[in-house]
Each structure stands twice: as structure tokens, then as C-alpha cells.
Amino acid sequence: MTARTPLFTPVLIVGCVIIMVSFSIRASFGVFQIPIAEEFAWARAEFSMAIAIQNLAWGIGQPIFGAIAEKIGDRRSIVIGAFVYAAGLVLSAWSTTPFEHQMYAWLVGFGVAGTGFGVILAVVGRASSDENRSMSLAITAAAGSVGQIFGPPVAEGLLSSMPWQSVFLIFAVAIMAILLTLPMMRVPVLASKHQLEESLGQVLVKAFRDPSYTLIFLGFFSCGYQVAFITAHFPAFVTELCGPILPGGMLDNMGISTTSALGAVAISLIGLANIAGTLAAGWAGKRYSKKYILAGIYVGRTIVAALFIIFPITPESVILFSIAMGSLWLATVPLTSGLVAHIYGLRYMGTLYGIIFLSHQLGSFLGVWLGGRLYDVYGDYTLVWWIGVGVGAFSAIIHLPIRERPLAQTAPA
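Since we're looking at a predicted model, the values are computed, not measured. (Residues numbered from 1 in each chain as written. Predicted model: local features only at pLDDT ≥ 70, side-chain atom pairs only at ≥ 80, totals over all residues. Heavy atoms only, no water.)

**Here we look at the overall build of the protein chain**
Here is step 1: When you go through the protein chain residue by residue, the secondary structure sums to 20 helices and zero strands.
Here is step 2: Its C-alpha atoms give the protein chain a radius of gyration of 20 Å, near enough to 22 Å, the size a compact globule of 413 residues would have.
Here is step 3: Overall, the C-alpha framework of the protein chain stretches about 65 × 40 × 40 Å when taken along its three principal axes.
Here is step 4: In the protein chain, which comprises 413 residues, the share counted as buried stands at 59%. (Helix = DSSP H or I, 4+ residues; strand = E, 2+ residues; numbered from the N terminus. Rg over C-alpha atoms; globule rule 2.2 N^0.38 Å. Buried < 20%, exposed > 50% of the residue type's maximum accessible area, 1.4 Å probe, protein only.)

Rendered as C-alpha cells:
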């Protein structure tokens, strides 16, 4: 009898801690939109561009850090990512011009790449058994939502007692602290003999020739657009467009008395709902077709976003939207990464998923930048929101033709 690999391993636990800290910082940048713009009298597009560049750098850096991890080791790749992340935060804290913020956003984005999904999901995926892989990836993705729950309110709370520059420095210390967990991250090699013998170039050629890889790449674009736009602009969106919070009401009694506070809480609520949604996606991905579940998630996102923008924006609708969208938020991540591992194998999962993730971050760049740009032109986010509805519908359709079989079974010998 062969021993069963436990679901909760040291690799999974450390991976969750790293993702949680990295994402708590990343998810909080939307809270800084108004304070930084007001301090320097910038247009909304200026800091939006910094966040957009951060997302683009994250996407470009993801396959790079995936390849670094596969070349010199996962832990060394994470160390490099943490130092780059911290450097970007420290330098941003001393920045006083839009150009400086936008330049240092490249460092922050590359740092997120080195401590984010691409590297960590590949590590967890390789360390998991076939039986546990879907759920392990879901738990790791859900850890990002735990960070999202705490990040924006912590940033909002810190901003009430100190300048935003000090908050950036505290975040830099936090990201460096994750390195203390790395001694526990020792990954066994679970790839097959055939996968170990193939070179990265051979696997990439096979993937690039496979239409399914292109479809996965294109389909992940809308996920990035929607998630990044909401993360970066929703706090400001709620602050400015939401109806008033009634004195003596439930939210007021909970200490949420301003729409600014509601905007930060909304991001946390999205993260909280996403924990359940992502774990449910991991459970379903083990039992049902991943591509059909992904298509269903994008259909759900499209409907939820359309209904939210059609009806009046009230504190109640913000809460309902946050719960509904949160349940679909990162549910795409374990399914998409699991689909890549299932079709193309584990050996170069970090690089292959990193390239797919680049599409996600191209969408993120467009969502964040377009949000700020169109806000400055039209004074609201309505048009950019409807674009997100459209790309969500596109992703739902594009997943349907994917061939969900290991490439070795679909390609000629």
C-alpha cells in the first residue's frame, strides 16, 4: 500500500502565509487613491497609472519568476521577490511625483510576481498529490482572500493615525518578515520521468502550438480586468457614488459611518466571500469539468456586475454586490492553474501558468488605467464598468472549446 499524502503540508501552510501577506498589501492600494491624489493635487489617472503599471509588471514578472524558480529553486525565487517588493514600497514612500510612483510600481509589481500566485501555486501544485491538488490550489488561492480581508481595513486604520508614507514602510517590513517561513518550504519532486526529461523549450513549443493554451490565455484576460479595476477603484467608487449611510442604522452601529469606510470594508467583504467561493471551486474542480465551471463563473460575474450598475448604488447594494462578486472573485485561479497542470504537466507549471497569468495582468493594467482615465474624462466609472461586463461575457464563451485532456493524449506521439 502507498502512503497517502496529507492535504495540509508545511509547503501548503507556508505558501498560504506568503500569499496572505503579499496580497494583503497588494489589495490595499485602492485605499491610497484619494489620499495621495489629494496631497499632491493629482488627477485620478496619475496614481491609477502607478497601480496599472504595478499590475503589468506583475504579469510580465510572473513567467520570469516561474522560470527562475525552476532554474535556481523556489525559495531563492521568493527571496528575490520579497526584496524587490520591499524596495519598491520603500522607494514609493519617498516619491513625490507621478513619474516616481509609476517607476517604482515596476518594482512592486515584480515583487508581487515573486511572492504571488505564479511561484506559490507551482510550489504547492508540485508538492500535492493528484488527489489533493485541486483543493490545495484552492486553499492557497483562498489565502489571498484572507489577506484581502485584512489589508484594506488595516491600511485605512493606519492612514487615520499616520501619513501614507509610513504605511508603505510598515508594509515593506511585513513583506520581508515572510522570509522567516521559508525553511519549512521543502518541495518533493512529484513530476513524472517523462516530464523531467523534457526541456522547458520543448514544453513551451507544445503549449504554444496547442489551441487550448491560447484559449486559456485569452480567457484569463477578463478576470484580471475585473479584479484589478474593482480592487483599485471600488473604494473611491463607493466613496463618491454610494448613497448615504443612515445614522443609527446597522452599518452605522458597526462603526461604518462613511462611504469611505464602506469602500474599504467592501474590498474586505469581497475577500471574505471569496474564501468560500474559491474552496467551492477547488472542490468542484476535482469532480467536474474545469472549463465548464470557469465558463459558469464568468457568466455569474457578468450578471452580477450588470445588475449592480443598472440599479441605484446604495450601501445595501454595495454589500450584496461584494458578497456575490466575492464568491466568484478568485475562484478562477485554482481552476485555471489546475487546468494548466492537468493539460501540460507539473514540471514547468510555474512558467506555463506565469505566461497565462500575463494575460490576466494585461487585463489588470487595462482595467486600472482605463478606470482612472475614463473617470478623468467623464467624471464617473460607468463606461469602464460596462466594458468589464463585456469582457466577462467573452471569457465565458472562450472557455467552451478548450480540450480538457493531458497534452500527451491529444498530441501525436
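Now, onward.
**Topic: unusual backbone geometry**
Here is step 1: Phi at Ala41 takes a positive value of approximately 60°, unusual for a residue other than glycine.
Here is step 2: Looking at the secondary structure, you find Ala41 in the loop between α2 (33-40) and α3 (44-72).

**Notes on a nonpolar patch on the surface**
Here is step 1: Taken together, the side chains of Val299, Ile303, Leu307, Ile310, Phe311 and Trp386 present a nonpolar region at the surface, about 580 Å² in accessible area.
Here is step 2: In terms of residue count, the dominant contributor to the nonpolar patch is helix α15 (residues 290-310) (four residues).
Here is step 3: Structurally, the position occupied by Val299 is in helix α15. (Patch = residues over 30% accessible without salt bridge, like charges linked within 9 Å, V, L, I, M, F, W, Y side chains within 5 Å. Areas by Shrake-Rupley, 256 points an atom, 1.4 Å probe, with all protein chains shown as cover. Salt bridge = Lys/Arg side-chain N within 4 Å of Asp/Glu carboxyl O.)

**Section: the pattern of salt bridges**
Pairing between side chains becomes possible if they bear opposite charge and their charged atoms approach one another.
Here is step 1: Counted under the stated rule, the structure contains one salt bridge.
Here is step 2: As a salt-bridge pair, Asp210 and Arg403 come within 3.0 Å of each other at their nearest N and O atoms. One end of the pair, Asp210, is in the loop between α10 (200-209) and α11 (211-219); the other, Arg403, is in the loop between α19 (382-398) and α20 (407-410), and 193 residues separate them in sequence.

**Re the packing of helix α12 (residues 221-241) against helix α14 (residues 259-287)**
Here is step 1: At a minimum axis distance of 7 Å, the contact between α12 and α14 shows a crossing angle of 145°. α14 is crossed by α12, and the crossing has right-handed handedness. Facing Ile230, Thr231, Phe234, Pro235, Val238 and Thr239 of α12, the residues of α14 in contact are Thr259, Ser260, Leu262, Gly263, Ala266, Ile267 and Ile270. (Axes fitted to C-alpha atoms, helices over the stretch in contact; angles between N-to-C directions. Left-handed = near helix turned anticlockwise from the far one by under 90°. Contact = heavy atoms within 4.5 Å.)

**Considerations on the nonpolar core**
Here is step 1: Within the largest apolar cluster, 130 residues are counted, with the highest numbers of intra-cluster contacts made by Phe32, Phe117, Ile230, Phe234, Phe237, Val318 and Trp385.
Here is step 2: Counting residues per element, this core draws most heavily on α12, at eleven residues.
Here is step 3: Apart from the residues within four sequence positions on either side, Trp385 is in contact with Phe229, Phe234, Phe237, Ala305, Phe308, Ile309 and Phe321. (Core = buried A, V, L, I, M, F, W, Y, C linked by side-chain atoms within 4.5 Å.)

**Brief notes about the confidence of the model for the protein chain**
Here is step 1: Residues with a pLDDT of 70 or more make up 94% of the protein chain, whose mean pLDDT is 85.
Here is step 2: Across the protein chain, α15 holds the top mean pLDDT of 94, while helix α9 (residues 193-197) sits lowest at 49. (pLDDT = per-residue confidence, 0-100.)

**Quick look at the packing of helix α6 (residues 117-127) against helix α18 (residues 349-378)**
Here is step 1: Here α6 crosses α18 at 145°, and the two axes come no closer than 9 Å. In this structure, the crossing between α6 and α18 has a hand that is right-handed. On α18, the residues touching Phe117, Gly118, Leu121, Ala122 and Arg126 of α6 are Met349, Gly350, Tyr353 and Phe357.
Here is step 2: Looking at the contact of α6 with α18 residue by residue, the class counts come to six nonpolar, two polar and one charged. (Nonpolar A, V, L, I, M, F, W, Y, C, P; charged D, E, K, R; others polar.)

**Concerning the environment of Ile343**
Here is step 1: Within the secondary structure, Ile343 is located in helix α17 (residues 332-344).
Here is step 2: Filtering out sequence-adjacent residues up to four positions away, Ile343 remains in contact with Asp210, Ile216, Ile402, Arg403, Glu404, Arg405, Pro406 and Leu407.

**As for the environment of Thr96**
Here is step 1: Within the fold, Thr96 resides in the loop between α4 (74-93) and α5 (98-115).
Here is step 2: The partly exposed category is assigned to Thr96, whose relative accessible area is 48%.
Here is step 3: Taking the C-alpha atoms as reference, Thr96 lies 7.6 Å from Phe40; in sequence the two are 56 residues apart.

**Focus on the packing of aromatic side chains**
Here is step 1: In the structure shown here, the tally under the stated rule is 30 aromatic pairs.
Here is step 2: Look at Phe220 and Phe357: their rings are 6.2 Å apart centre to centre, the planes differ by 65°, and that puts the pair in the edge-to-face class. Note that Phe220 is positioned in the loop between α11 and α12 and Phe357 in helix α18, a separation of 137 residues in sequence. Considered together, Phe220 and Phe357 belong to a single accessibility category, that of buried residues.
Here is step 3: Consider the rings of Phe308 and Trp385, whose centres lie 5.3 Å apart with planes at 35°: the pair is tilted. Pair noted here: Phe308 is in helix α15 and Trp385 is in helix α19, with a separation of 77 residues, a long-range link. (Phe/Tyr/Trp six-rings, centres within 6.5 Å; stacked < 30°, edge-to-face > 60°.)

**Overview of the side chain of Asp210**
Here is step 1: The class of Asp210 is buried, set by a relative accessible area of 5%.
Here is step 2: In terms of polar contacts, Asp210 uses its side chain to reach the side chain of Tyr344, at 2.7 Å.
Here is step 3: In this structure, Asp210 is in contact with Ile343, Tyr344, Arg403 and Leu407, ignoring residues within four places of it in sequence. (Polar contact = N/O pair within 3.5 Å; in protein donor to acceptor, adjacent residues only side chain to side chain.)

**Some remarks on α2**
Think of an α-helix as turning once every 3.6 residues; residues three or four places apart then point the same way.
Here is step 1: Every buried residue belonging to α2 is among Gln33, Ile36 and Ala37, and all of these are buried. For α2, the angular spread of the buried residues around the axis is 95°, confining them to a single face.
Here is step 2: Lining the buried residues of α2 we find α3, α5, α8 (164-177) and α12.
Here is step 3: Taken from the residues just after α2, Ala41 is the one with a positive phi, measuring 60°. (Arc of directions from axis to C-beta.)

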